[in-house]
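Read off the chains here:
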2 protein chains.
Amino acid sequence: MDIEPELCRVEDALDILVGKWKPIILLHLLKNGTQRFSELKRHVPGITQKMLTKHLRELEEEDVVERVVYPQVPPKVEYSITEYGKSLEPILAAMHEWGTKHVLHKQQKIKQQPSS
Amino acid sequence: MDIEPELCRVEDALDILVGKWKPIILLHLLKNGTQRFSELKRHVPGITQKMLTKHLRELEEEDVVERVVYPQVPPKVEYSITEYGKSLEPILAAMHEWGTKHVLHKQQKIKQQPSS
DNA sequence: TCCTACAGTATCTTTTTGTATACTATATAA
DNA sequence: TTATATAGTATACAAAAAGATACTGTAGGA
């Protein structure tokens, strides 16, 4: 690797990705395209409206997600990944791939230490 | 991309990488190899002993970092990346690369909105 | 007339994360 | 004798993140 720890920009990516619900929100938008607020809420079980709003606002602030409001009643708001946001895909893919192996690693660890 | 959000393992990677000082600790160990506690402390400016200890313990718990204690006085404890830990490199590299571009993106954004 | 869907806010509490500071033991050096 | 380096621990505190719950306005349907 060729990252000078002093010039490390890993944090910049983490700043955007970190948040209990952000990865799954991004994955949904990447996979399913444009989604309404309520669709996201349904697809992310357990999330509260407050958290969904907060994380979407933060992702929007970073130009990773776009928010389009339709002046209707009842309201309609659509969220989608921006072109810039799509550049996060390789990171998410790398993390997912690693995570998949990590599950196996943890299972092996438990087998090796059955008495705890 | 081919990640089913329902089977998403991105969080597994984030769990390990998230923490104010974890990426820089990992980068130091990856780049400089085995390091003593005090060396790490010197190379990570601003970190307190408690945080360094805590993060190292968590990384050790995940088998990403190895801790070797020499029975000496004054104490000597060495930390190094495990083989398993090295598998995190592509993720860190992807994030660093993205972060480097992100800096430029932010600069362009500021240029476009000079009045705020 | 009351209820529901929609996309949120507002307020409060809990949990997690990080900071600050003082303290430990002991071999060695000045 | 006193100070220093080492690798921590203990305690208190502050800040950030997340959760729980109640509330808003309004068109359309039963």
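Residues numbered from 1 in each chain as written. Chains lettered and ligands numbered in written order. Predicted model: local features only at pLDDT ≥ 70, side-chain atom pairs only at ≥ 80, totals over all residues. Heavy atoms only, no water.

Let's shift gears to the protein's contact with DNA strand D. Neighbouring residues of DNA strand D: 22 residues in total, closest K20(A), K50(A), Q49(B), R67(B) and Y79(B). Sugar and phosphate atoms form 68% of the subset of DNA strand D atoms that lie within 4 Å of the protein. Residue R67(B) places a side-chain N or O atom 2.5 Å away from a phosphate oxygen belonging to DNA strand D. Within the backbone of P75(B), one N or O atom sits 2.9 Å away from a sugar or linking oxygen of DNA strand D. (Near = heavy atom within 4 Å. Polar contact = N/O pair within 3.5 Å; in protein donor to acceptor, adjacent residues only side chain to side chain.)

For the rest of this paragraph, the subject is the relation of the copies chain A and chain B. If you rotate chain A by 180° and push it 0.0 Å along the axis, it lands on chain B with an RMSD of 0.1 Å. Expressed as an axis order, the relation between the two copies is that of a two-fold axis. No C-alpha of chain A approaches the rotation axis more nearly than that of I91(A), which lies at 3.2 Å. Comparing interface residues between copies, 100% of those in chain A also sit at the interface in chain B, which points to an isologous, same-surface contact. (Least-squares fit on C-alpha atoms with pLDDT ≥ 70 in both. Contact = heavy atoms within 4.5 Å.)

Here the focus is the pattern of salt bridges. For the structure shown, the criterion picks out 18 salt bridges over all chains. Salt-bridge contacts for E58(A) lead to K54(A); the nearest nitrogen and oxygen are separated by 3.7 Å. Taken together, the residues E58(A) and K54(A), both in helix α4 (residues 49–61) and four residues apart, mark about one turn of the helix. Judged by relative accessible area, which is 39%, K54(A) ranks as partly exposed. Residues E83(A) and K86(A) are paired through a salt bridge, measuring 3.0 Å at the closest nitrogen-oxygen approach. Placement of both E83(A) and K86(A) in helix α5 (residues 83–86) is noted, with a separation of three residues, approximately one turn of the helix. Judged by relative accessible area, K86(A) falls into the partly exposed class, the value being 38%. Put simply, R9(A), D12(A) and K106(B) are held in one network by salt bridges that share partners. (Salt bridge = Lys/Arg side-chain N within 4 Å of Asp/Glu carboxyl O. Helix = DSSP H or I, 4+ residues; strand = E, 2+ residues; numbered from the N terminus. Buried < 20%, exposed > 50% of the residue type's maximum accessible area, 1.4 Å probe, protein only.)

Next up on the list: the environment of I91(B). Of note, I91(B) is situated in helix α6 (residues 89–112). Exposure remark for I91(B): the relative accessible area of 2% places this residue in the buried category. When the C-alpha atoms of I91(B) and A13(B) are compared, they prove to be 8.7 Å apart, with 78 residues separating the residues in sequence. The residues touching I91(B), leaving out its near neighbours within four places in the chain, are A94(A), M95(A), W98(A), A13(B) and L17(B).

Here we come to the sheet that holds strand β1 (residues 35–36) of chain A. All names here are of chain A. Taken in spatial order, the three strands make up an open sheet running β1-β3-β2, and their pairing is antiparallel. Of all strands in the sheet, those bounded by a partner on one side alone are β1 and β2 (65–70). Direction of pairing for β2 relative to strand β3 (residues 76–81): antiparallel, over a ladder of six bridges. Pairing of Y70 across the sheet is with K76, part of β3. (Pairing = 2+ DSSP bridges.)

Side chains three or four residues apart in an α-helix point the same way, a direct result of the helix having 3.6 residues per turn. Across the eight residues of helix α1 (residues 10–17) of chain A, six count as buried, placing the element largely inside the fold. Those residues of α1(A) that are buried lie in contact with α2 (22–32), α4 and α6 (89–112) of chain A together with α1 (10–17), α2 (22–32) and α6 of chain B. Just downstream of α1(A) lies G19(A), where phi reads positive at about 150°.

A few words on the sheet that holds strand β1 (residues 35–36) of chain B. Residue and element names in this part refer to chain B. Strands sit in the order β1-β3-β2 across an open sheet of three strands; the sheet is antiparallel. Looking along the sheet, the strands with just one partner apiece sit at the ends: β1 and β2 (65–70). Helix-sheet contacts for helix α4 (residues 49–61) involve β2 and β3 (76–81), and the interaxial angle to β2 is about 115°. (Axes fitted to C-alpha atoms, helices over the stretch in contact; angles between N-to-C directions.)

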